[in-house]
Every structure is written in C-alpha cells, then in structure tokens.
Amino acid sequence: MKKILPTSNAIIAVISGTLVLLGYFFPGVFGSIQSVLIGWAIILAAFALLLGIFNLALVHWKKTKTAGSSKVYSIVLLISLFITIIVVSINGPTGSFSLWLFNTFQVPVEISLLAVLAIVLVYSAARLLTRKPKWYIVLFLVSVVVMLLGSVPLFLLGEVTPLILLRDWLAHVPAVAGARGLLLGVALGTVATGLRILLGVDRPYGG
Amino acid sequence: MTDIICPLCGKPNPSELEECKFCHAPLKAAGFIAPSDQEGDESQFISPVAAPDEIESPTIKPESATPLEQAIPDWLKDTEAGFLEGVESKPEQPTSEDISAQIESLINPPSVPDNTAQPAIDDDWLTNLLAEAGGEPLSLAPLEEQPGEQAEESNTEITEPYTETPSDEEKVLPSTQIEKPDWLTGLEAASTIKLAGEIIPGEPTAIEPGIVEPEAETGLNQMDVPDWIGQADAVESPAGQKEPEPSIAPAELPSWLEALRPDETAAPTEPVEDLSAADIVTAGPLVGLKGVISARPSAIRARKPPTYSIKLRVTDEQRARVEMMEALLADEQNPKPVPSQPILTSRNIFRLVIAAVLILPIVWMIITASQRILPPQPGSIPGVVDFTEQIQKLPAGAPVLLAFDYEAGFSGEMNPAVSTLISQLMIKNVYMTLVATYPSGPALAESIIKTGAFSEGIQGPYTNYTDLGYIPGGTLGLRGLANSPMAVLPYSLDEVNVWASAPLDTVSTINDFAAVIVLTNDPDTARSWIEQVGVVLMEDSTPLLIVTSSQAEPLIRPYYQAYPAQVQGMVAGLAGGLAYGRTVGIVRQNGVWDAFSIAITVSALIIIVGSIIGVVMKMPASDKMKESKE
C-alpha cells in the first residue's frame, strides 16, 4: 500500500495538472473538465480555510493552559472568535450586528495599525542617517522625499511640476522595472515548478 | 685417487701435495684424506663400530685405519684409546648371569646413590660423542637382532654398566666423599629426570639400572615386560635377586674433559646481583624462577585490553563552562522580562514630537474643513476619464460584477473613490453583484452599499444588488469564476439562488456582465484579476475597471496603458478618488485633501530635518573615532 499510494498520487496530480493546463490552450475541448477540477479545488480551499480557523483556535486554546501573561491575548482571541461566530451565525454575515462588529472593531483597528505604521516609517527615515550614512541610504532617502513631495500639491507651495514629473518617472520607470523584474523571476520559477510537478519530479503532495 | 681434505679450508687436495693449494695450509700434519671410490662404501667409513673386531682391538694400525680415524686428532685418539683400555681392563667378560642380573636390575632396580649415576651419564655422553665422530651412533638394539655371537658379545659390552676408572684426584678421595659442584649436581638431577622421563617401555637396553629413580620403580614393575626378558629371568636367574648388586665403578673421565671441569677447590661464589628484590617469572617456561629475563617479551604478552571509561574526563574549568552553556540554553526557553526603560528618553521624546507634528495639522485641517489646497484635476490623473466613461456607458439595470478586494485598513484611501462609484452605480440603477476574494470583503461591501444608500440622489434603501460572498481558492477561484460564475457562487449570502431570477438568469458566463469592477489595494490581487478574468473578458470586450490604491497604481498602469488595454479604466488613490468625484460632480470638501497634503509635506520635512541632524551629530562622533584610532 505504501508503494501504491505515492504512485497513484503522482498519476492523479500529473493528469489533473495537465488537464487544467490544456484547458487554457483548448478551452473548447478541455474547458468543462478544467471547470470541474477547479470547482473541486475551490471546495478543498474552503475547507482548508475552515481547518485553518480551527487550528488557530486550538493553538490558542493550548496557550491558555500555559502559565504566563501571553495567555491573556489568547483568551481575548478565543472570546472574540466565539462571539463573532455566534453573532454571524444568528444574524447572518451581512446583518446589522455583524456589520456593527465589523465597523466598530475591525476597520478602526486596521486603520490604526496603518497610521502607526506611517508614523514609525517617518521616524525611522528621519533617524536613518544617524547610524551609517552610506550612499545607498542617502539615495533611498532622496527617493522617498521626492515621491512624497511629488504626490500632492505642497502646503503653501502648491504643485511643483519638476517634483511631480520626477515622481512620475521614479514610480513608472525604475520602480515598475524592478517590480516587473521580480515578477518575471517569479513567473519563470513558477513555470519551472509547474513543469516539475507535471513531470512528477517534485511531489509536494507526498511520495 | 686419494685426496687430502684441507683442515683449514675444507677443499680436497691431491695426496702428493704438502700444503693446500687453495689456502697453503699444511696438509700432512693435520689434513683429512678423503676416501676414494675404490676403498669401500660409505657404511664402512661412517660406521666404525660395524666391525666388532675393530672395537676389540685397542690399537689401530695406521695402514688399516679408516680415513675418519686418520682425521681424528691425536688428543682424541688418545682419549679414545684410554677409554678403550678402560673397557678392556674389565676383569671379566659379561656372562649370561650378568645379563640376567642386569635384566633383573631393570625389573627391580636397587636404590643407588645419586653419585653412582654420574658414570652412566658420562658413558652415554661419550657414546654419543663417538657416534658423532664415527658418523653413526652406537645402536643399542635388542639382542635377538644381533647376528652371531660376536655381535652379542659386543652388545653385551656396550649394554653392561660401565665402570669408570677414577682419576688420580678421585683415587685420593672416595667417590662418595668427592664434593661435587652445584652445577654438576643440578646437571645430574636434570639428566636423571630426563632419562626417567624418556624411558620407553619395550626398550630395556636404553635403561640403565643405576639411574632409575625410586619413584619410577613402581612404574617399571607395572610395565609390560617383554617375553624374552621374562624367559631369561625365569630360566637363568631364579635366585638372582638375592645376590648383591655389583657396585658401579665411577667412570673414568678423559683428561680433556677433566680439564674442562671448573676448579673444585674454589668455593662457589655468591651471586653478585642481589635477587632478593627481583621479580619472579609468572608465565612461560621459566615460571617460578627469580631474577631471570622472562621468556615472553612484554611486547607480545597477551593481556586484557584496557577498558576505558565512557565518562568524559573534564576539568573543573570545562565543567564550569558546560554548566554555563546549559544554563544559557535553559534560559533561552524562559521569556525574558523586558527591561524597564525610563519613559522620558530622547528617543521617546523624538517619537512623540513626530506624532504630534503629524497628527495636529491633520486634525486641524479636518476640523476646519480646509480647502486651501486645489483638488486634483481629472485630466491630470490617468485613467479617471476612461473610468468615468465606462461607468457612464453602463445600461440601466444591467448586471455589474463588483469585487471588494481591499483591506479595511485602506478604507481611508479607497472609500472616496468607492463611495463615488457606488453612488454612480446606484444612480444608474445597475444590478450590483458583490463578490470578494478577501474574507472581510462581503462585510466591507455590505457596509459601503448601506452607507451609500443614504447618499445624495438616492431615494430610499438600494436593493438592486446581491452579495455572493467570498470566493475561496484565491487565483484558482478567480479562474473558476471566469469559467462559470454560477458553479463557483451558486447562492447569495441570503441563501437565494440568484442565478434563477432576473437579471442574473441571463448570465451564464462572466462576459454576460456589463462590466467587472475590481476594488483592491493589492497589486497582486489586481494582477490576478487581470490575468485570470481579464483574458476572458477581452473575448467579448467586457470592460474591466479597477479602483486601487496609490501603492498599486504603478504596477497596474501598464495594463491600462497597454494596447489593446487589459484594463479599460482606473482610479488610483485618494487623488484619483477626488478627481473622479470632481468628474461626476460630487465634490467632497471635508478637508481630507488638505490634511493629506499637509501630512505629506510635514513628513518630508521631518525626514529632511532628521537626516540633517543625524549627519551633523554623526560627524563629531566620527571625528572622535578617527582620533581615537590615530
């Protein structure tokens, strides 16, 4: 059985991947098969999300049994999870109580985190040159200042056209070039990984 | 031809030569004449005792001497002659009675003192010497095997006890009174033991009656006696046991052998080395001896392999280090308390100053609803005009797929554009089909819809929409949505099959929607929508519109600026949202744009000033370091 399962897993994975890939090139022939297989995968992903939530609750449940002050956060998380599940189960995901919970807790908390992040980034940038004034640090700080000043009309100064043009050039040429380069590398790696899985060389599903 | 063997080099020389032709050594004086082929076989040469008459004649004539006899040096000849004279000087020839007595003594040997055994030993030793000189040792074969009377007599002479004629010194003192040295006594004892140990039953001729030890008597009695011995015993000497045993005369040692003896008058010296503290041999053939070198070298002595302890031999310092390491590892598991720092530090003060400088202008601008900053113009923001045109093209009541895929934390940046969009869609009375690839998307969408329902120009709550909820699977879910929306999201969050009623009953593929509008702050999410869904939408020219954040705008703009465009309209960031609002005539002058502008300006100033201060403060420190290094 131990020898049969890895082989059968590899066969299933290779055939499924090949059919989904062929669905992109020949949608008329393999489109329906691709839709069925993707539907199965979506259901599995939904169950994976539920499994992740259950695992999160279990981990923090174990943490509540350990000594220390960190278990307070786990208790808060479990209570929040329990209340949210109860409210959403009763009131529905788009009910008034559910939206109240969402707009009262989740949205302000996430916005506050981003606001704190903005302040920390400004503080860190201001102290960046106090440590090691290297040339690339200076270049980074200059780019940050140009992007900030070129994004909006300056207070009491209005729009500074050279800064706006320089900001557009930095955002759409060097930044996009670097991002696209990264994406191309990721895409090539994804293609190579996909081919290895299709050929059965890599078997992340075991075997 | 007779050759003379050179006594020096051993090579044959002709007999007429006076000296060796090889080494020039004189040959006549001491040379050895090699036997010629005509003179007889080797047996005659080798075995001088083969002819009994030669033994009987004490004098050896030069003309009848064998080559071996010629090679014997004079001193050895004298010795042999003396020995033979001693033998012939025996008073009488052995008779049958003597033989019987000897046999009887073999069976019941009398106890003799140790010193009487010494002549027999000398006799044996001399016999062996003669055998070596003559080539073949004297064989003491049984009597039956000797042919003729002479052989019988000769054997009788050999086998009978030999009486050694005492020397002059020994004649002065009786043999029993002669004080023997220790080495000779030990040699006698060893020889006796040896003879006693090597006696073989069935060979009585090799046994001398005088050397049989008392311990071996019982053994001899119990031995199987040959038949001929028993017959002789029974016939010839029935009462021979009663007769007294003739005493064994001491052997006459040759002069050269006497010369080899150590000086008996000198007292044996004590061992020079003190052996009291010497080790006793505990193994090997020399076991029990003291002060000797062991026969078994210690290097090859088999010994038990040493056992090594598996415990580490560590010093106290090493043990202390190990304990320290264990303490460090154990301490890693324990959470360390955060060291309490003073509240008023320069770093904390600097942080508070930055927060205050950032927050206070923003709050002031929002409170005062400042409008000092000119809002962004639609023409200066790429994609806003096209986005507005695509929205305006939407037919009334047409189904539109609206994806809420942004985080709630980006609501401040995204909501101006999203609110304007929702208002425009509500004004157009399009059927909004809400989906999300983020778990919080449905709640966010529902919240925005309900908030916009009460915006300007909307009469009553807006109900011309459906929320299909969350699309699991990420990119895969988007691909499934592009292939068959009905299969991926069959029911709404209200558990209603919206695909069976209007207006979604006419939608079988994603191209049946009038437009697909994606609201996202993540460039990867936008790229997934473009790559998985946009390709399908391009088949029927269904517009794909994107509302995104400022950080994702540079990565999405290439899809918008491409030809053919994969994104037909785009609104990016707060500036794009305000520009889109100005385009559609909705001007939200609540001070957000002024607050955003002043916050950006202050942030840039803080960074610039902080960097300058840092460089200025760093320079003296670096100068001090250089001075200290120098």
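What you see is a predicted model; the values in this text were computed from it and never measured.

Trainee: Explain helix α4 (residues 96-126) of chain A here, please?
Mentor: Since the α-helix packs 3.6 residues into each turn, any two residues three or four apart lie on the same face. Residue and element names in this part refer to chain A. With 31 residues, α4 extends 44 Å from end C-alpha to end C-alpha; this agrees with the ideal 45 Å at 1.5 Å per step. At asparagine 103, α4 is bent by approximately 30°, the largest bend along its length. Buried within α4 are the following residues: Ser98, Leu99, Leu101, Phe102, Val107, Glu110, Val122, Tyr123, Ala125 and Ala126.

Trainee: Even after reading the chapter, I still don't get the interface of chain A and chain B, so can you show me in this structure?
Mentor: Reports often express the size of an interface as the amount of accessible area lost when the parts come together. Counting residues at the interface gives 45 residues for chain A, matched by 58 residues for chain B. Together chain A and chain B conceal approximately 4600 Å² of surface at their shared face, both sides included; 73% is due to carbon and sulfur atoms. It is Ile42, Tyr123 and Phe155 of chain A in chain A that bury the most area against chain B; as a group they hold 15% of the surface buried on that side. Counting across the interface, chain A meets chain B through 0 salt bridges. Viewed at the interface, chain B and chain A are joined by 11 residue pairs in polar contact (both at pLDDT 80 or more). Of all the secondary-structure elements, those providing two or more residues to the side of chain A that touches chain B are α2 (27-64), α4, α5 (135-149), α6 (161-172) and α7 (174-198) of chain A. The greatest single-element share of the side of chain A that touches chain B, amounting to 13 residues, is contributed by α4 of chain A. Residues belonging to the side of chain A that touches chain B are distributed by class as follows: 34 nonpolar, 7 polar and 4 charged.

Trainee: Looking at this structure, how should I read the packing of α4 of chain A against helix α14 (residues 346-368) of chain B?
Mentor: Relative placement of two packed helices is described by the angle separating their axes and the distance separating the axes. Between α4 of chain A and α14 of chain B, whose axes approach to 10 Å, the crossing angle comes to 125°. Comparing their axes, α14 of chain B and α4 of chain A come out oblique. Here the hand of the crossing between α4 of chain A and α14 of chain B comes out right-handed. Of the residues in α14 of chain B, those in contact with Ile119, Val122, Tyr123 and Ala126 of chain A of α4 of chain A are Arg347, Phe350, Arg351, Ile354, Ala355, Leu358 and Ile359 of chain B. In the contact of α4 of chain A with α14 of chain B, the residues fall into 9 nonpolar, no polar and 2 charged.

Trainee: Mind showing me how you'd approach a nonpolar patch on the surface here?
Mentor: A grouping of Leu605, Ile608, Val609, Ile612, Ile613, Val616 and Met617 of chain B is seen on the molecular surface, where their side chains present a nonpolar patch of about 640 Å² in accessible area. Of note, valine 616 of chain B is situated in helix α23 (residues 592-629).

Trainee: Mind showing me how you'd approach the side chain of serine 492 of chain B here?
Mentor: In this fold, serine 492 of chain B is placed in the loop between α19 (485-488) and β7 (515-520). Sequence-distant contacts of serine 492 of chain B, defined by excluding residues within four places in its chain, comprise Thr466, Asp467, Leu468 and Val498 of chain B.

Trainee: How should I be thinking about unusual backbone geometry in this particular structure?
Mentor: Leave glycine aside and you will find that most residues have negative phi; peptide bonds, for their part, are mostly trans. Residues and elements named next belong to chain B. Proline 564 follows tyrosine 563 through a cis peptide bond whose omega is -5°. Phi at asparagine 429 takes a positive value of approximately 55°, unusual for a residue other than glycine. The topology assignment puts asparagine 429 in the loop between α16 (411-428) and β5 (431-436). Even without being a glycine, serine 541 presents a positive backbone phi close to 60°. Looking at the secondary structure, you find serine 541 in the loop between α20 (523-537) and β8 (544-548). A relative accessible area of 64% means that serine 541 is categorised as exposed.

Trainee: Hey, could you run me through the nonpolar core in this one?
Mentor: It is characteristic of soluble globular proteins that their nonpolar side chains tend to be buried jointly. Leu402, Phe404, Leu421, Met432 and Ile517 of chain B are the most contacted members of the largest nonpolar core, which totals 67 residues. It is α23 of chain B that contributes the most residues to this core, 8 residues altogether. Leaving out residues up to four positions away in the same chain, leucine 402 of chain B has contacts with Leu421, Ile422, Leu425, Met432, Thr433, Leu434, Val435, Ile517 and Leu519 of chain B. Core analysis: the next-biggest nonpolar cluster, separate from the first, contains 35 residues, Ile42 of chain A together with Val507, Val518 and Val567 of chain B among them.

Trainee: Hey, could you run me through the pattern of salt bridges in this one?
Mentor: Side chains that differ in sign of charge can pair as their charged atoms come close. According to the stated counting rule, one finds 7 salt bridges over all chains in the structure shown. For arginine 167 of chain A, the salt bridge goes to aspartate 168 of chain A, with nearest N and O atoms at 3.5 Å. Residue classification places arginine 167 of chain A among the buried residues on the basis of a relative accessible area of 14%. Residue aspartate 168 of chain A is classed as partly exposed on the basis of its relative accessible area, which comes to 28%. Salt-bridge contacts for arginine 557 of chain B lead to glutamate 553 of chain B; the nearest nitrogen and oxygen are separated by 2.6 Å. Taken together, the residues arginine 557 of chain B and glutamate 553 of chain B, both in helix α21 (residues 553-561) and 4 residues apart, mark about one turn of the helix. Each of the two residues, arginine 557 of chain B as well as glutamate 553 of chain B, counts as buried. Through salt bridges with shared partners, one network takes in Asp524, Arg527 and Glu531 of chain B.

How each quantity is defined
Residues numbered from 1 in each chain as written. Chains lettered and ligands numbered in written order. Predicted model: local features only at pLDDT ≥ 70, side-chain atom pairs only at ≥ 80, totals over all residues. Heavy atoms only, no water. Helix = DSSP H or I, 4+ residues; strand = E, 2+ residues; numbered from the N terminus. Expected span 1.5 Å × (residues − 1). Bend = angle between axes of the 7 residues up to and from the residue. Buried < 20%, exposed > 50% of the residue type's maximum accessible area, 1.4 Å probe, protein only. Contact = heavy atoms within 4.5 Å. Buried area = accessible area lost by both parts, 1.4 Å probe. Salt bridge = Lys/Arg side-chain N within 4 Å of Asp/Glu carboxyl O. Polar contact = N/O pair within 3.5 Å; in protein donor to acceptor, adjacent residues only side chain to side chain. Nonpolar A, V, L, I, M, F, W, Y, C, P; charged D, E, K, R; others polar. Axes fitted to C-alpha atoms, helices over the stretch in contact; angles between N-to-C directions. Parallel < 35°, antiparallel > 145°, perpendicular 65-115°, else oblique. Left-handed = near helix turned anticlockwise from the far one by under 90°. Patch = residues over 30% accessible without salt bridge, like charges linked within 9 Å, V, L, I, M, F, W, Y side chains within 5 Å. Areas by Shrake-Rupley, 256 points an atom, 1.4 Å probe, with all protein chains shown as cover. Core = buried A, V, L, I, M, F, W, Y, C linked by side-chain atoms within 4.5 Å.

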